[in-house]
Amino acid sequence: MENDQWLINGSPKGRALETSDFKRHTMLLPPLTEGEVLVKVEMLSFDPSQKGQMENVGYAAETEFGQVMNATGVGAVIESNVDRLPIGSKVMGSLGWQRYAVMAAQKLEVITGDAPLAAHLGPLGGTGLTAYFGLLDLGNPQPGETVLVSGAAGATGSVAGQIAKLKGCRVVGIAGGPEKCAWLTNEAGFDHAIDYKLGNLDQQIAEACPEKWNVFFDNVGGGTLEAALNHLNLRSRVVMCGGIANYNATEPQPGPSNIMNLVIMRSRMEGFIVLDYLPRAGEAIKDLLGWIGTGDLKYQVDMQEGFENIPSTLQRLFT
């Protein structure tokens, strides 16, 4: 049987992704060996970290030209040499940009429960775990505190903000455009949403956080981080989750000019990688599943169709 794949064909370091960074390829599937299953890929996750993997930035396994592009996916077992994974089993794992994946059973997670498949790639997947551990372990939000979230309408930021609300905090989100901001306040339960596209972010943060903020969950960096650092409370915590403002930059962007505010306000700024927390994934998934089940955690799915549209779907994250 033939397998359709997208291979890495370029390195986007210091620039935006281009169509030529990927090459479509067809190959014959090898026969299964002991302990392997054949998975038909049904859905893939698209995350900013995938660009970082192509750049070999150091926090993920290095990639090389000619390999199948990495991606977490969900699918169905259609051939099996493993008793615990019979044909028809729904599984999740690093399936990659291809129609079929030959996988060792130990590298797959069996999907159970009633949650939609897409939820396992969103709030129950890497982005949800990132929000959960970044906010709770590093941010340590306390009831009554103010939590500010940048990239708040994204897969990670929206979950982080909603968890903060569940912990009794006042939550302010920063997003781009009236539609995203309306979703944050009307659906996700944020107390206030800032539209950075309206400009003067520093003033907007001051108005939305009259008592300043205690935790800043930052997915953006750059000028957004600098504006936020003007509004620290004593012993505030900055959780450095991502820096999408710089992902397509051709040259490194200048760091915040007001970093000494951390010293003045006896605050801290700390980065993290969710891979360090994977041994504790079970505790996060238990809580996240519970919140989804009770309707306390809302999420959106941006679903694109068609194998030929896979590269452009990753590009959409950055545009």
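Figured I'd write up the structure that's included with this text. All of these numbers come straight from a predicted model, not from anything done at the bench.

Looking now at the pattern of salt bridges. Side chains that differ in sign of charge can pair as their charged atoms come close. Counted according to the given criterion, the structure contains 12 salt bridges. Two residues, K90 and E42, come together in a salt bridge whose shortest N-O distance is 2.9 Å. Within this pair, whereas K90 is found in strand β5 (residues 90–93), its partner E42 is found in strand β3 (residues 36–44), the two being separated by 48 residues in sequence. Classification of K90 by relative accessible area gives partly exposed; the value is 30%. E55 is the salt-bridge partner of K51, the closest N and O atoms lying 2.5 Å from each other. Note that K51 and E55 are positioned in helix α1 (residues 49–55) at a spacing of 4 residues, about one turn of the helix. On the basis of relative accessible area, K51 is assigned to the buried category, the value being 2%. Salt bridges here are not isolated pairs; linked through shared partners, they connect D4, R24 and R99.

With parallel pairing, the 6 strands of this open sheet are ordered in space as β10-β9-β8-β11-β12-β13. Strands at the two margins of the open sheet, each flanked by one partner only, are β10 (192–195) and β13 (268–271). Pairwise comparison of adjacent strand axes, ignoring direction, gives a mean angle of 15° for this sheet. In terms of strand pairing, strand β11 (residues 213–218) meets strand β12 (residues 232–240) through 5 bridges, oriented parallel. The residue of β12 that forms the bridge with F217 is V239. Here helix α3 (residues 126–139) sits on the sheet and contacts β8 (146–150), β11, β12 and β13; the angle it forms with β11, its principal contact strand, is near 145°.

The subject of this paragraph is unusual backbone geometry. With phi around 45°, N140 is a residue other than glycine that occupies positive phi space. Note on placement: N140 falls in the loop between α3 and β8. Residue K212 is not a glycine yet carries a positive backbone phi of 65°. Along the chain, K212 falls in the loop between α6 (201–208) and β11.

For helix α5 (residues 178–186), the set of buried residues is C181, W183 and L184. End-on, the buried residues of α5 take up no more than an arc of 160°, which puts them together on one face. Exposed side chains of α5 directed beyond 90 degrees from the buried face belong to P178, E179 and N186.

Parameters and conventions
- Residues numbered from 1 in each chain as written.
- Predicted model: local features only at pLDDT ≥ 70, side-chain atom pairs only at ≥ 80, totals over all residues.
- Heavy atoms only, no water.
- Salt bridge = Lys/Arg side-chain N within 4 Å of Asp/Glu carboxyl O.
- Helix = DSSP H or I, 4+ residues; strand = E, 2+ residues; numbered from the N terminus.
- Buried < 20%, exposed > 50% of the residue type's maximum accessible area, 1.4 Å probe, protein only.
- Pairing = 2+ DSSP bridges.
- Axes fitted to C-alpha atoms, helices over the stretch in contact; angles between N-to-C directions.
- Contact = heavy atoms within 4.5 Å.
- Arc of directions from axis to C-beta.

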